[in-house]
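What the coordinates show
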Amino acid sequence: MILNSGSQTGYLWIGPSSFSSSIQNPTLANVGLNQGGIYTLSVTDNNNCSSSASLQVIVNPLPIVSILGNQTICVGQNATLTASGAVTYYWSSGNTNNSFIIVSPNINTNYTVTGTLNTGCSNSANIS
């Protein structure tokens, strides 16, 4: 947004969950679902002229990824680990796009799966 004087002196952001800031480029840390909504920026120049603009921020939820499977197996046996809660999966063992893997570990092993939703949001789960 460009005002006719070219020098802005005041910024005021107003948004959901009582958000307000007087800095030009505020940062929201640890964003939660309650911070999605309409944010309005009002800018005032040296001549006390002001203008405002609004934008909608959409905060997508993280997937709730979980792993089901037999956590105790004997050496030489196979176990199937099945992930749920997302659309695509990446397993720490390198297997991608399958919601399940078949494992046969020789020692105690920790497995991690990262699940991603169509929105691009990802989350992980572990099993050992």
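Below, the structure is looked at part by part. None of these values were measured; they are calculated from a predicted model.

The subject of this paragraph is the overall build of the chain. A tally of helices and strands in the chain yields 0 helices and 10 strands. Against the globule reference of 14 Å for 128 residues, the chain gives a C-alpha radius of gyration of 24 Å, more extended than a compact globule. With respect to the three principal axes, the spread of C-alpha positions in the chain is 80 × 25 × 20 Å. Within the chain, the fraction of its 128 residues that count as buried is 24%. Long-range contacts, defined here as pairs at least 24 residues apart, represent 43% of the contacts in the chain between residues at least 6 apart. Carbon together with sulfur atoms contributes 50% to the accessible area of the chain, which is approximately 8200 Å² in total.

On to the sheet that holds strand β8 (residues 100-103). Taken in spatial order, the 3 strands line up as β5-β6-β8 in an open sheet, and their pairing is antiparallel. Both edges of this open sheet fall to β5 (66-68) and β8, since each of them pairs with a single strand only. Sheet twist, expressed as the average angle between the axes of neighbouring strands with direction ignored, equals 25°. In this sheet, strand β6 (residues 79-84) lies alongside β5 in antiparallel orientation, the contact comprising 3 bridges. Of the residues in β6, the one forming a bridge with Ser-66 is Ser-84.

Relative to the elements of secondary structure, Gln-35 occurs in the loop between β2 (19-21) and β3 (37-45). A relative accessible area of 17% means that Gln-35 is categorised as buried. Those residues in contact with Gln-35 that sit more than four places away from it in its chain are Pro-16, Ser-17, Leu-28, Asn-30 and Val-59.

We now examine the sheet that holds strand β7 (residues 88-91). What holds strands together in a sheet is hydrogen bonding between their backbones, with the strands either parallel or antiparallel. Taken together, the 3 strands give an open sheet; going across it, the order is β7-β9-β10, and neighbouring strands pair in antiparallel fashion. At either margin of the open sheet sits one strand with a lone partner, and together these are β7 and β10 (122-127). The sheet shows a mean angle of 25° between the axes of neighbouring strands, direction not considered. Strand direction decides the pairing type here: β7 and strand β9 (residues 111-116), joined by 4 bridges, are antiparallel. Bridging from a neighbouring strand, Tyr-90 pairs with Thr-114 of β9.

One finds Ile-67, Leu-81, Trp-91 and Val-113 to be the most contacted residues of the largest nonpolar core, which totals 14 residues. The set of elements that each furnish at least two residues to this core consists of β6, β7, β8, β9 and β10. If one sorts the elements of this core by residue count, β6 sits on top with 3 residues. Discounting residues that sit within four places of it in the chain, Ile-67 has contacts with Leu-81, Thr-82, Ala-83, Trp-91, Tyr-111, Val-113, Ala-125, Asn-126 and Ile-127.

Phi at Ser-17 takes a positive value of approximately 55°, unusual for a residue other than glycine. Looking at where Ser-17 falls in the secondary structure, it is placed in the loop between β1 (8-15) and β2. Judged by its relative accessible area of 45%, Ser-17 falls in the partly exposed class. Although it is not a glycine, Asn-30 sits at a positive phi angle of roughly 50°. With respect to the helices and strands, the residue Asn-30 is situated in the loop between β2 and β3.

The rules behind each value
- Residues numbered from 1 in each chain as written.
- Predicted model: local features only at pLDDT ≥ 70, side-chain atom pairs only at ≥ 80, totals over all residues.
- Heavy atoms only, no water.
- Helix = DSSP H or I, 4+ residues; strand = E, 2+ residues; numbered from the N terminus.
- Rg over C-alpha atoms; globule rule 2.2 N^0.38 Å.
- Buried < 20%, exposed > 50% of the residue type's maximum accessible area, 1.4 Å probe, protein only.
- Contact = heavy atoms within 4.5 Å.
- Areas by Shrake-Rupley, 256 points an atom, 1.4 Å probe, with all protein chains shown as cover.
- Pairing = 2+ DSSP bridges.
- Axes fitted to C-alpha atoms, helices over the stretch in contact; angles between N-to-C directions.
- Core = buried A, V, L, I, M, F, W, Y, C linked by side-chain atoms within 4.5 Å.

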